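# Topology and contacts: notes
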Amino acid sequence: MSDNGAALIWCPFPDVESAKAAAQVLLEERLVACANIAPAMTSVFRYKDKVQSATEAGALFKTTGALLDAAIERLAALHPYDTPAISGWHADSAPQTTVGWLHDETVGGD
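The sections below set out a description of the structure shown in this document. Note that the coordinates shown come from a computational prediction; the quantities given were computed from them, not determined experimentally.

## What to know about the side chain of Thr 64
Residue placement: Thr 64 occurs in strand β3 (residues 50-64). When neighbours within four sequence positions are excluded, Thr 64 is seen to be in contact with Gly 5, Ala 7, Leu 102, His 103 and Thr 106.

In structure tokens form, the structure reads like this:
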């Protein structure tokens, strides 16, 4: 997959405020171009040998393939959970206008 294309990162947070705080840092550091935050979702998960559930906020970050690993690493360092569930992937397809925007707002903005 090309590092020149679009990439996405998905990550749940304990609340909207922590998702916004992480998004703010990633945006200021130009590791992402955008964060979409879904304020409330129910998560059901296994943690410490028990099935649990919680209300979380989900965040979808938009970046470039070239910045994907760096953005994930920085997000892991910023995240309030001990073991955050962070998933990142290269987008299979995106219009050139989207790829150009992602580049302009991240690496191209220097």
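Back to the write-up after that little detour.
## Quick word on the pattern of salt bridges
Applying the stated criterion across every chain, the model contains one salt bridge. For Glu 29, the salt bridge is made with Arg 74, and the minimal N-O distance between the two is 2.9 Å. Linking Glu 29 in the loop between α1 (16-28) and β2 (34-47) with Arg 74 in helix α2 (residues 68-78), this pair joins segments that are 45 residues apart in sequence. Using a relative accessible area of 37% as the deciding quantity, one classes Glu 29 as partly exposed.

## Overview of the sheet that holds β3
What the four strands build is an open sheet, ordered β2-β3-β1-β4; its pairing is antiparallel. Two strands in the sheet have a free side with no partner beyond their single neighbour: β2 and β4 (87-90). If you compare each strand with its neighbour and ignore which way they point, the axes differ by 25° on average. Bridge count for strand β1 (residues 6-13) against β4 is four bridges, and the pairing is antiparallel. Bridge assignment links Leu 8 to a residue of β4, and that residue is Trp 89. α2 rests against β1, β3 and β4 of the sheet, and its axis sits at about 15° to β1.

## Details of the packing of α1 against α2
Following both chains from N to C, one finds α1 and α2 inclined at 140°, their axes separated by 10 Å at the closest point. Regarding the angle of α1 to α2, the classification is oblique. Handedness of the α1/α2 crossing: right-handed. Taken together, the residues of α2 that come into contact with α1 (itself represented by Ala 22, Val 25 and Leu 26) are Ala 71, Arg 74, Leu 75 and Leu 78.

## Points about the packing of aromatic side chains
With the rule as written, the count across this model stands at one aromatic pair. The interplanar angle of 65° and the centroid separation of 6.5 Å between the aromatic rings of Phe 13 and Phe 61 together place this pair among those described as edge-to-face. Here Phe 61 lies in strand β3 and Phe 13 lies in strand β1, a separation of 48 residues in the sequence.

## Notes on the nonpolar core
Counting residues in each nonpolar core, the largest one holds 17 residues, and the members touching the most others are Ile 9, Cys 11, Phe 13, Leu 26, Phe 61 and Leu 75. Broken down by secondary-structure element, the contributors of at least two residues to this core are β1, α1, β3 and α2. Leaving out residues up to four positions away in the same chain, Phe 13 has contacts with Ser 18, Ala 19, Ala 22, Glu 56, Ala 57, Ala 59, Phe 61, Leu 75, His 79, Pro 80 and Tyr 81. By size, the runner-up hydrophobic cluster in this structure holds five residues, among which are Ala 6, Ala 91, Val 99 and Leu 102.

## Description of the environment of Leu 67
You can see Leu 67 is positioned in the loop between β3 and α2. The exposure class of Leu 67 is buried, given its relative accessible area of 12%. Residues within four places of Leu 67 in sequence aside, it is in contact with Arg 30, Leu 31, Thr 106 and Val 107.

The rules behind each value
- Residues numbered from 1 in each chain as written.
- Predicted model: local features only at pLDDT ≥ 70, side-chain atom pairs only at ≥ 80, totals over all residues.
- Heavy atoms only, no water.
- Helix = DSSP H or I, 4+ residues; strand = E, 2+ residues; numbered from the N terminus.
- Contact = heavy atoms within 4.5 Å.
- Salt bridge = Lys/Arg side-chain N within 4 Å of Asp/Glu carboxyl O.
- Buried < 20%, exposed > 50% of the residue type's maximum accessible area, 1.4 Å probe, protein only.
- Pairing = 2+ DSSP bridges.
- Axes fitted to C-alpha atoms, helices over the stretch in contact; angles between N-to-C directions.
- Parallel < 35°, antiparallel > 145°, perpendicular 65-115°, else oblique.
- Left-handed = near helix turned anticlockwise from the far one by under 90°.
- Phe/Tyr/Trp six-rings, centres within 6.5 Å; stacked < 30°, edge-to-face > 60°.
- Core = buried A, V, L, I, M, F, W, Y, C linked by side-chain atoms within 4.5 Å.

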